[in-house]
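One-letter residues, chain by chain:
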Amino acid sequence: MSFIRIVSTVHSCLRSASIIAAAGVFATMLASAPARADDYDATLKDIQSTMGGVPSFVKQFPKAGLPGAWAEVKAIELSDKTALPPKVKSLISLAVAAQIPCNYCIWSDTQDAKRAGATDEEIQEAVAMAALTRHWSTIFNGMQVDFETFKKEMGGQ
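A. Expanded view of the confidence of the model for the protein. Averaged over the protein, the pLDDT score is 83; the fraction of residues at 70 or greater is 78%. Across residues 1-34, confidence stays below pLDDT 50; counting only partners more than four residues off in sequence or on other chains, it has 56 contacts.

B. Structural view of the nonpolar core. Residues Y40, L44, I47, V58, F61, L66, A69, W70 and V73 constitute the largest nonpolar core, which totals nine residues. Among the elements of the structure, α4 (37-51) and α5 (66-76) are those that each provide at least two residues to this core. With four residues, the single largest contributor to this core is α5. Grouped together as the second largest cluster of nonpolar side chains are six residues, L91, L94, A118 and I123 included.

C. Region of interest: the pattern of salt bridges. Scanning all chains against the criterion turns up six salt bridges. The partner of K74 in a salt bridge is D46, with the nearest N and O atoms 2.7 Å apart. Here D46 lies in helix α4 and K74 lies in helix α5, a separation of 28 residues in the sequence. Here K74 falls in the partly exposed class, since its relative accessible area comes to 30%. D46 gets classed as partly exposed once you look at its relative accessible area, which sits at 25%. In this structure, D80 and K81 form a salt bridge, with 3.4 Å as the shortest nitrogen-oxygen distance. The exposure class assigned to K81 is exposed, which follows from its relative accessible area of 72%.

D. How the structure looks around unusual backbone geometry. The step from I100 to P101 runs through a cis peptide bond, and the omega angle for that step is -20 degrees. Along the chain, P101 turns up in the loop between α6 (86-99) and α7 (103-115). Despite not being glycine, Q144 shows a phi value in the positive range, around 55 degrees. You can see Q144 is positioned in the loop between α8 (120-142) and α9 (147-153).

Conventions we followed
Residues numbered from 1 in each chain as written. Predicted model: local features only at pLDDT ≥ 70, side-chain atom pairs only at ≥ 80, totals over all residues. Heavy atoms only, no water. pLDDT = per-residue confidence, 0-100. Contact = heavy atoms within 4.5 Å. Core = buried A, V, L, I, M, F, W, Y, C linked by side-chain atoms within 4.5 Å. Buried < 20%, exposed > 50% of the residue type's maximum accessible area, 1.4 Å probe, protein only. Helix = DSSP H or I, 4+ residues; strand = E, 2+ residues; numbered from the N terminus. Salt bridge = Lys/Arg side-chain N within 4 Å of Asp/Glu carboxyl O.

Given below as structure tokens:
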């Protein structure tokens, strides 16, 4: 897995309001505990051990945030003990990256998806699904389709 992909994911995740909202409790815990120099140094050592190197751009990330950001990446993206397999995670991330857009993530997610066994067809379909979702979201929101009516017509209650 590309370390550029990891850091890009961290950056994208931190910019994403939905992910921050979902991780609100975790963020609150991190904010209440000030980062110590030994936490930062230990994080750099763990990144080195896990990734085989620490790219220079990692040191541009705020020292106070790196331990928490790295812990989030390891717990979700790099863990094999999550609900989603690596291929699915990479395809989801690629689809989101295509919408942001983030060239760094697109490149890295494509590489990660291929390493995880994704075919060109699966990669293309993931990106097409992102485009389709964005298309219909634009229509629903722009035309101000009534949400309650939409839910009722689509089989909701």
